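# Chains, contacts and geometry: an overview
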Amino acid sequence: MQLIDTHVHINFDVFESDLEDIQNRWQQAEVVHLVHSCVEPEEFASIQGLANRLGNLSFAVGLHPLDADKWTKQTAREIYDYAISDERVVAIGEMGLDFYKADNQEQQHKVLEEQLKIAHQLQKPVIIHCRDAAESLKASLEQFWQTTGPVTGVMHCWGGTPEETKWFLDLGFYISFSGVVTFKNAKTIQDSAKIVPDERLLVETDCPFLAPVPKRGKRNEPANVRHVAEFLAKLRNVPLETLAQQTTQNACQLFNLRLGEKQ
């Protein structure tokens, strides 16, 4: 069996002291590849260093919506240049809209559009963060599709309703579920997880955040993506091996991964 954790942040300081042990645990959990997201371009060097050190790690470059105020004229050039400088860059992001923690909606929309342009130009998928902003995000993506063209990608750490899930499926997106789906009170997210087509489903940890049951409340790490997969397999009434094979295939399709090769 093989699993891919499609969203990690292992460059954070909380992993620095025991990264080798963490790697051993994800390998024991049959996690064969990681996709490392990026909060801001200044992280690029540290993420690239991890990829050099660990091997089976691909990554993205982009600016998180909660950092939208950091956008300057140079940011777009930095993201573009980083994206073409290393073949292990498989996506642009994470980008998106977050109206839960910030109210600079106009700036977030601007930064989202600028990064969508880069992804469209480079024909790379996007990693989308969306919190309390699904309707506004849907409108922005539809407008971009009409004026510029489609972009593929993933709604990461998805927490939307089934109706919202269908919006983004209709736009061609993959839907990725984190440990949140395992929480007892996450009934709406679980309902959404039931309706995602097999060929659009992904799994992630979003570590070090949001550890799944039975690790909830602890530091999250890539090995725990197996708990997410196990829960989704039961929820969708399929064998774990089937779900693992499908989500791994989906990750390879979306991010153009070739397992067994260093990206």
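Scroll up to find the structure this text is about.
This is a predicted model, so every value here is computed, not measured. (Residues numbered from 1 in each chain as written. Predicted model: local features only at pLDDT ≥ 70, side-chain atom pairs only at ≥ 80, totals over all residues. Heavy atoms only, no water.)

## Here's the deal with the overall build of the protein chain
A tally of helices and strands in the protein chain yields 9 helices and 8 strands. Out of the 263 residues belonging to the protein chain, those deemed buried represent 57%. Restricting to contacts in the protein chain with at least 6 residues of sequence separation, those with at least 24 account for 73%. Within the structure as shown, the protein chain displays about 11,800 Å² of accessible surface, and the carbon and sulfur contribution to it stands at 43%. A gap of 4 Å separates the mean positions of the 26 positive and 37 negative side-chain charges of the protein chain. (Helix = DSSP H or I, 4+ residues; strand = E, 2+ residues; numbered from the N terminus. Buried < 20%, exposed > 50% of the residue type's maximum accessible area, 1.4 Å probe, protein only. Contact = heavy atoms within 4.5 Å. Areas by Shrake-Rupley, 256 points an atom, 1.4 Å probe, with all protein chains shown as cover. Lys, Arg positive; Asp, Glu negative; His and termini not counted. Charge placed at Lys NZ, Arg CZ, Asp CG, Glu CD.)

## What to know about the side chain of Ser176
For Ser176, the position within the fold is in strand E7 (residues 174-177). Note on Ser176: relative accessible area 0%, which makes it buried. Excluding its chain neighbours within four sequence positions, the residues that come into contact with Ser176 are Thr6, Val154, Met155, His156, Cys157, Trp158, Leu202, Val203 and Glu204.

## A word on the environment of Gln74
Tracing the backbone through its elements, the reader meets Gln74 in helix H3 (residues 73-85). For the pair Gln74 and Ile175, spaced 101 residues apart in sequence, the C-alpha to C-alpha distance is 31 Å.

## Some thoughts on the pairing of strand E2 (residues 31-36)
The buried fraction of E2 amounts to 5 of the 6 residues, a majority that puts the element mostly inside the structure. Pairing geometry for strand E1 (residues 3-8) and E2, over 4 bridges, is parallel. For Ile4, the partnering residue across the bridge sits in E2 and is His33. Where the polypeptide runs from E1 across helix H1 (residues 19-28) and back to E2, its parallel neighbour, the crossover connection is right-handed. One ladder, built from 3 bridges, connects E2 with strand E3 (residues 57-61); its direction is parallel. Within E3, the position partnered with Leu34 by the bridge is Leu57. (Pairing = 2+ DSSP bridges. Right-handed = clockwise from strand over helix to strand, strands pointing away.)

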